[in-house]
Amino acid sequence: MNRELAALYPDAHCELDFTNPLELLVATILSAQCTDKRVNAVTPTLFARYRTAEEYASAEREELEKIIQSTGFFRAKANNIIKLGQQLCERHGGEVPGRLQDLVKLAGVGRKTANVVLGNAFGVPGITVDTHFGRLARRFGWTTETDPVKVEHEIGELIPRKDWTVLSHRMIWHGRRICHARRPACGVCPLARLCPSFGEGPTDEKAAAKLVRTGPFS
């Protein structure tokens, strides 16, 4: 199934736009309960206004909230981003750390966000267990766990470490495009013959084809 996903999504990548670790970290915080497309519509203005951890640390709350308002939960996100900037300055010389144990101690950063940053900004393999990844891993029979950390560890035993980051992208892409939560497009899924959950969605090819979303989602 891993090989099929690789063939299906040879160009899979992070769909958040960024040019450095700080931008990716902030974008990932903003992506909570929000689409990557919406985040990418907001971040050009945000990144032009705030270029360093120091600038986030000293940001005027109302100005920051206004820029990120459309991403939802903007007050909590603004609090986290300002505190994040302060913590980066106080603990890491204004730079984003490249270790999981340091990242998860920052405001608004959990394992999922940390693995996104490590894998895509630092080249450190990591498994990003978002809702898509967890759903597909269970449908594929790779795990029965629902706790993201347990899912991460179980899949890490199945898949070579070098593939962890790109596997995360491929699973997320497949979840967004074909293996939807409510009605997966089983009838046109290239993994159908291998999938123990085949039949959860329409198996008729024409009906399934109507459910496919083509992306891009960035």
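See above for the structure.
One structure accompanies this document, and this report is about it. (Residues numbered from 1 in each chain as written. Predicted model: local features only at pLDDT ≥ 70, side-chain atom pairs only at ≥ 80, totals over all residues. Heavy atoms only, no water.)

Some thoughts on the overall build of the chain
Next up, step 1: Across its full length, the chain carries 12 helices and zero strands.
Next up, step 2: With the principal axes as the frame, the chain shows a C-alpha extent of 55 × 35 × 25 Å.
Next up, step 3: Every one of the 218 residues in the chain was classed for burial, and the buried ones make up 49%.
Next up, step 4: Within the chain, counting contacts between residues at least 6 apart in sequence, those at least 24 apart form 57% of the total. (Helix = DSSP H or I, 4+ residues; strand = E, 2+ residues; numbered from the N terminus. Buried < 20%, exposed > 50% of the residue type's maximum accessible area, 1.4 Å probe, protein only. Contact = heavy atoms within 4.5 Å.)

Here's the deal with the nonpolar core
Next up, step 1: Ranked by internal contacts, the top residues of the largest apolar core, which has 35 residues, are V26, L46, L64 and I68.
Next up, step 2: Of all elements in the fold, only helix 2 (21-30), helix 3 (36-49), helix 4 (53-57), helix 5 (61-68), helix 6 (74-92) and helix 8 (111-121) reach the threshold of two or more residues within this core.
Next up, step 3: Looking at this core element by element, the count peaks at seven residues for helix 2.
Next up, step 4: Apart from residues lying up to four places away in sequence, I68 is in contact with L30, V42, L46, F74, K77, A78 and I81.
Next up, step 5: Judged by nonpolar contacts, the second largest core, of 26 residues, contains L5, I127, I159 and L167. (Core = buried A, V, L, I, M, F, W, Y, C linked by side-chain atoms within 4.5 Å.)

Details of helix 6
Next up, step 1: Given a rise of 1.5 Å per residue, 19 residues ought to cover 27 Å, and the 25 Å separating the end C-alpha atoms of helix 6 matches this to within 8%.
Next up, step 2: Those residues of helix 6 not exposed but buried are F74, K77, A78, I81, I82, L84, G85, Q87 and L88.
Next up, step 3: If you follow the buried residues of helix 6, they end up packed against helix 2, helix 4 and helix 5.
Next up, step 4: Directly after helix 6, the chain includes G93, whose backbone phi takes a positive value near 60°. (Expected span 1.5 Å × (residues − 1).)

Some words on the packing of aromatic side chains
Next up, step 1: Tallied over the entire structure, the rule returns three aromatic pairs.
Next up, step 2: Both rings, one in Y9 and one in W173, keep their centres 6.1 Å apart while their planes meet at 70°; by these two values the pair is edge-to-face. Placement of Y9 in the loop between helix 1 (2-8) and helix 2 and of W173 in helix 11 (residues 164-177) is noted, with a sequence separation of 164 residues between them.
Next up, step 3: A relative accessible area of 11% places W173 in the buried class.
Next up, step 4: With a centroid separation of 5.3 Å and 25° between ring planes, the pair formed by Y50 and Y56 is classed as stacked.
Next up, step 5: According to the relative accessible area criterion, Y50 is buried, its value standing at 2%.
Next up, step 6: According to the relative accessible area criterion, Y56 is buried, its value standing at 1%.
Next up, step 7: Against the face of W173 rests R177, its NZ or CZ located 4.0 Å from the ring centre. (Phe/Tyr/Trp six-rings, centres within 6.5 Å; stacked < 30°, edge-to-face > 60°. Lys NZ or Arg CZ within 6 Å of the ring centre and 35° of its normal.)

Structural notes on the packing of helix 2 against helix 6
Next up, step 1: Interhelical geometry of helix 2 versus helix 6 gives an angle of 155° and a closest axis separation of 10 Å. Between helix 2 and helix 6, the angle is such that the two are roughly antiparallel. Along this stretch, helix 2 crosses helix 6, giving a crossing that reads as right-handed. Contacts between helix 2 and helix 6 involve L22, L25, V26, I29 and L30 from the first element and K77, I81, L84 and L88 from the second. (Axes fitted to C-alpha atoms, helices over the stretch in contact; angles between N-to-C directions. Parallel < 35°, antiparallel > 145°, perpendicular 65-115°, else oblique. Left-handed = near helix turned anticlockwise from the far one by under 90°.)

Quick notes on the pattern of salt bridges
Next up, step 1: Evaluated as defined, the whole model comprises nine salt bridges.
Next up, step 2: Taking the shortest distance from any N to any O, the salt bridge between R177 and E15 comes out at 3.2 Å. With R177 in helix 11 and E15 in the loop between helix 1 and helix 2, this pair connects stretches of sequence that are 162 residues apart.
Next up, step 3: Residue classification places R177 among the buried positions, given a relative accessible area of 7%.
Next up, step 4: Salt-bridge contacts for E152 lead to R111; the nearest nitrogen and oxygen are separated by 2.7 Å. (Salt bridge = Lys/Arg side-chain N within 4 Å of Asp/Glu carboxyl O.)

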